[in-house]
Amino acid sequence: MCFFFQLSSTLTEQGLRYDGQRSAESWNLGQWESFATSLAMACCHTLSLTRKRKLIGHPVDRAMFRAANAKLLEVNGATAVVKTGDGMQVNVLRRFDFDHNRMTQSVVVRLP
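As the structure is a computational prediction, the values presented were derived from the model and not from experiment.

Chemist: I'd love a proper account of the overall build of the protein chain, names of residues and values included.
Modeler: Counting its secondary structure elements, the protein chain contains two helices and seven strands. Reading the secondary structure of the protein chain in the N-to-C direction produces β-α-β-β-α-β-β-β-β. Going through the 112 residues of the protein chain one by one, you find that 33% of them count as buried. A sequence separation of at least 24 residues applies to 40% of the contacts in the protein chain between residues at least 6 apart.

Chemist: I'd like to hear about the nonpolar core, residue by residue, with values.
Modeler: Ranked by size, the top nonpolar core spans 20 residues in total, and within it Cys43, Leu72, Val82, Val90, Val92 and Val109 carry the most contacts. Of all elements in the fold, only helix 1 (35-43), helix 2 (59-67), strand 5 (79-83), strand 6 (89-95) and strand 7 (104-110) reach the threshold of two or more residues within this core. Among the elements that line this core, the one with the most residues is helix 1, at four residues. Ignoring any residue separated from it by four or fewer positions in sequence, one finds Leu72 in contact with His45, Leu47, Ser48, Leu49, Arg53, Leu55, Phe65, Ala80, Val81 and Val82.

Chemist: Could you give an account of the side chain of His45, with specific residues and numbers?
Modeler: Tracing the backbone through its elements, the reader meets His45 in the loop between helix 1 and strand 2 (48-49). Taking relative accessible area as the criterion, His45 reaches 0% and is therefore assigned buried. Within the local environment of His45, its side chain forms a polar contact with the backbone oxygen of Ala42, the two atoms lying 3.0 Å apart. Among the polar contacts made by the side chain of His45, one reaches the main-chain amide nitrogen of Leu47 at a distance of 3.1 Å. Not counting the four nearest positions on each side in its chain, His45 is found in contact with Asp61, Met64, Phe65, Leu72, Val82, Arg95, Gln105 and Val107.

Chemist: Please provide a residue-by-residue account of unusual backbone geometry, values included.
Modeler: For residues that are not glycine, phi is negative in most cases, and the peptide bond is trans in most cases. Look at Arg53: it is not a glycine, yet its phi comes out positive at around 70°. Topologically, Arg53 is positioned in the loop between strand 2 and strand 3 (55-56). The class for Arg53 is partly exposed, based on a relative accessible area of 49%. Residues other than glycine seldom take positive phi values, yet Asn69 does so here, at roughly 55°. Within the element layout of this structure, Asn69 appears in the loop between helix 2 and strand 4 (71-76). Accessibility expressed as a relative area gives 57% for Asn69, which makes it exposed.

Chemist: Describe in detail the pairing of strand 5, supporting the description with residues and values.
Modeler: Walk down a regular strand and you will see the side chains alternate between the two sheet faces. Across five bridges, strand 4 lies against strand 5 in antiparallel orientation. Within the sheet, the bridge partner assigned to Val75 lies in strand 5 and is Ala80. Bridge count between strand 5 and strand 6: four bridges; the pairing is antiparallel. Within strand 6, the position partnered with Ala80 by the bridge is Val92. Counting the residues in the hairpin turn of strand 5 and strand 6 gives five residues, including Gly87, whose phi is positive at 90°.

Chemist: Residue-level account of the environment of Ala67, with values.
Modeler: Residue placement: Ala67 occurs in helix 2. Each C-alpha atom, one on Ala67 and one on Gly85, is 9.1 Å from the other, the two residues being 18 residues apart in sequence.

The rules behind these values
The numbering scheme is per chain: residues are counted from 1 as the chain's sequence reads. Owing to the predicted nature of the model, reporting of local features is limited to residues with pLDDT of at least 70; listing and counting of side-chain atom pairs is limited to 80 or more, with chain, interface and lining totals taken over all residues. For side-chain calculations, the full set of non-hydrogen atoms in the structure is used, while hydrogens and water are omitted. Secondary structure elements are defined from DSSP: runs of H or I of at least 4 residues count as helices, runs of E of at least 2 residues count as strands, and each element is numbered from the N terminus. Three labels apply to residues, based on accessible area from a 1.4 Å probe with only protein chains included: buried if under 20% of the type maximum, exposed if over 50%, partly exposed otherwise in between. We call two residues in contact whenever any of their non-hydrogen atoms come within 4.5 Å of each other. To form a nonpolar core, buried Ala, Val, Leu, Ile, Met, Phe, Trp, Tyr and Cys residues must be joined to one another through side-chain atoms within 4.5 Å. In the analysis that follows, any N or O atom pair within 3.5 Å is treated as a polar contact, provided that within protein one partner can donate a hydrogen and the other can accept it, and provided that, for residues neighboring in sequence, both atoms belong to side chains. The criterion for strand pairing is that DSSP finds at least two bridges linking the strands in question.

Next comes the structure, spelled out in structure tokens:
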């Protein structure tokens, strides 16, 4: 199963402290977290790893990724393998560059 995620706006307050997330699916339920938004936060970024497996990339992406409790297992150009906070391994089939004009970041992922 493939999903396409597109994140826009900034998910952090000034100083890059993660405050929370909310999706359309959980908006009326009063929930601040959902599976879809947690998965998007784990996958929709342009992070990479150094040879020593240190996470590198934009500070907002790093803050969002840490808040999702995810692990970046592998990066190969525009593809990646991510382990989500609940242990699911997700293949990121395509990572698109951040579009500064539209302020969006997109990815295509395959779920197990």
